[in-house]
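Notes for the structure review
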Amino acid sequence: MNKQKKGVLVVVSGPSGVGKGTIVKTLVKRREDIVESVSCTTRAPREGEVHGKAYYFLTRTEFEQRIAENDFLEYDEHFGNLYGTPKSFVQKTLEEKSVILEIDVVGALNAKKAFEKCVLVMIAPPSLAELKRRLQGRGTETDEEIEKRLSRIEYELSQKDKYDYTIVNDDLEQAIKELEDIIDRHKNTL
Ligand code: ADP
Ligand code: 5GP
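Keep in mind it's a predicted model, so treat the numbers as computed, not measured.

The rules we used
- Residues numbered from 1 in each chain as written.
- Chains lettered and ligands numbered in written order.
- Predicted model: local features only at pLDDT ≥ 70, side-chain atom pairs only at ≥ 80, totals over all residues.
- Heavy atoms only, no water.
- Buried < 20%, exposed > 50% of the residue type's maximum accessible area, 1.4 Å probe, protein only.
- Helix = DSSP H or I, 4+ residues; strand = E, 2+ residues; numbered from the N terminus.
- Pairing = 2+ DSSP bridges.
- Axes fitted to C-alpha atoms, helices over the stretch in contact; angles between N-to-C directions.
- Left-handed = near helix turned anticlockwise from the far one by under 90°.
- Contact = heavy atoms within 4.5 Å.
- Nonpolar A, V, L, I, M, F, W, Y, C, P; charged D, E, K, R; others polar.
- Phe/Tyr/Trp six-rings, centres within 6.5 Å; stacked < 30°, edge-to-face > 60°.
- Lys NZ or Arg CZ within 6 Å of the ring centre and 35° of its normal.
- Near = heavy atom within 4 Å.
- Polar contact = N/O pair within 3.5 Å; in protein donor to acceptor, adjacent residues only side chain to side chain.
- Areas by Shrake-Rupley, 256 points an atom, 1.4 Å probe, with all protein chains shown as cover.

**Here's the deal with the pairing of strand S7 (residues 98-102)**
Within S7, four of the five residues are buried, which leaves it mostly tucked inside the rest of the structure. By the bridge criterion, four bridges tie strand S1 (residues 9-13) to S7 in an arrangement that is parallel. Each bridged residue has a counterpart across the sheet, and for Leu-9 the counterpart in S7 is Val-99. Strand direction decides the pairing type here: strand S2 (residues 34-36) and S7, joined by three bridges, are parallel. The partner of Ile-34 across the bridge, within S7, is Ser-98.

Structure follows, in structure tokens:
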């Protein structure tokens, strides 16, 4: 990646249900110069998820072929499914715009290894009780899936010292503004 870049690569992590998707989707709607990278996954689409928007939904064979072709900036397995960031899209887009990756802590630290100048941002909940409430309120997972996601929370939040910034998503507008300010501070510096 040695061409002059206008954007910054920002990796947003945090426990499932903390509000990552809500923050990132609102920000990219407001700003034409900030886009979200669409990851690939082998998990089944949830209701309403469109191929190429929420994720590129691939079979395991297709995903493994792309691993072999070195086509992921990083990839990882969660809850029995593979998830990965398409490298070519990120490289091309950074020439003009900032790119946000919404990935877990392991993926974020791998992305930092692959691309040192990326900025890592952790989204934290105001409390565990509020996080659980949001996860249940979203209503997209079974109770068993919610328990699996909750069991990872402590680990994910324990990694926040490895991140460049932590944003507490209490007031949504404030959290969006904090992410926007971080991107504006770092863009044009790659
Ligand atoms: P994630 O992408 O981190 O898994 P979502 O963006 O899907 O989380 O948010 C989980 C739920 O919490 C959604 O129903 C969303 O509307 C809600 N939510 C997000 N941010 C806030 C906030 N600041 N206050 C209250 N509810 C929120
Ligand atoms: P979900 O199935 O709820 O959409 O996502 C499950 C987990 O996969 C979340 O922790 C999410 O951050 C992570 N994830 C989504 N896309 C990627 C990706 O491209 N790479 C990695 N490493 N994790 C991802």
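**Considerations on the sheet that holds S2**
Reading across the sheet, the five strands line up as S2-S7-S1-S8-S9 and stay open at both edges, with parallel pairing between neighbours. The sheet terminates laterally at S2 and strand S9 (165-168), the two strands that pair on one side only. Taken over all neighbouring pairs, the strand axes of this sheet differ in orientation by 25° on average, direction set aside. For S1 and strand S8 (residues 119-124), the ladder comprises four bridges, and the chain directions are parallel. Along S8, the bridge assignment pairs Ser-13 with Met-122.

**Let's talk about the pairing of S1**
The buried fraction of S1 amounts to five of the five residues, a majority that puts the element mostly inside the structure. By the alternation rule, side chains of S1 split into Leu-9, Val-11 and Ser-13 and Val-10 and Val-12, which are all buried.

**Some thoughts on the sheet that holds strand S4 (residues 56-57)**
With mixed pairing, four strands are arranged side by side in an open sheet as S4-S3-S6-S5. Among the strands making up the open sheet, the edge pair consists of S4 and strand S5 (72-78). Bridge count between strand S3 (residues 40-41) and strand S6 (residues 81-86): two bridges; the pairing is antiparallel. Paired with Cys-40 across the strands is Gly-84, a residue of S6.

**A look at the packing of helix H1 (residues 20-30) against helix H8 (residues 172-186)**
The N-to-C vectors of H1 and H8 enclose an angle of 60°; their axes lie 10 Å apart at closest approach. As H1 packs across H8, the resulting crossing turns out to be right-handed. Seen from H1, the contacting residues are Thr-22, Ile-23, Val-24, Thr-26, Leu-27 and Arg-30; seen from H8, they are Leu-172, Glu-173, Ala-175, Ile-176, Leu-179, Glu-180 and Ile-183. Taken together, the residues of the contact of H1 with H8 sort by class into eight nonpolar, two polar and three charged.

**Describing the packing of aromatic side chains**
For the structure on display, the rule yields five aromatic pairs. Aromatic pair Tyr-55 and Phe-57: ring centres 5.9 Å apart, planes at 65°, arrangement edge-to-face. We note that Tyr-55, like Phe-57, is buried. A ring pair is formed by Tyr-55 and Tyr-83, whose centres lie 5.7 Å apart and whose planes are at 65°; its orientation type is edge-to-face. Note that Tyr-55 is positioned in the loop between S3 and S4 and Tyr-83 in strand S6, a separation of 28 residues in sequence. The burial state of Tyr-55 is the same as that of Tyr-83; both residues are buried. Members of the aromatic cluster, each reached through a chain of ring pairs, are Tyr-55, Phe-57 and Tyr-83. Directly above the ring of Phe-79 sits Arg-149, whose terminal nitrogen or CZ lies 4.4 Å from the centroid.

**Re the site of ligand 2**
Neighbouring residues of ligand 2: 16 residues in total, closest Ser-39, Arg-43, Arg-46, Tyr-55 and Tyr-83. The separation between an oxygen atom of ligand 2 and a polar side-chain atom of Arg-46 is 2.7 Å. Take Glu-74: an N or O atom from its side chain is 2.7 Å from a nitrogen atom of ligand 2. When the free accessible area of ligand 2 is taken as 510 Å², the share hidden by the protein chains comes to 92%. When contributions to the shell around ligand 2 are tallied by element, the ones reaching two or more residues are S5 and S6. Of the residues contributing to the shell around ligand 2, the split by class is four nonpolar, five polar and seven charged.

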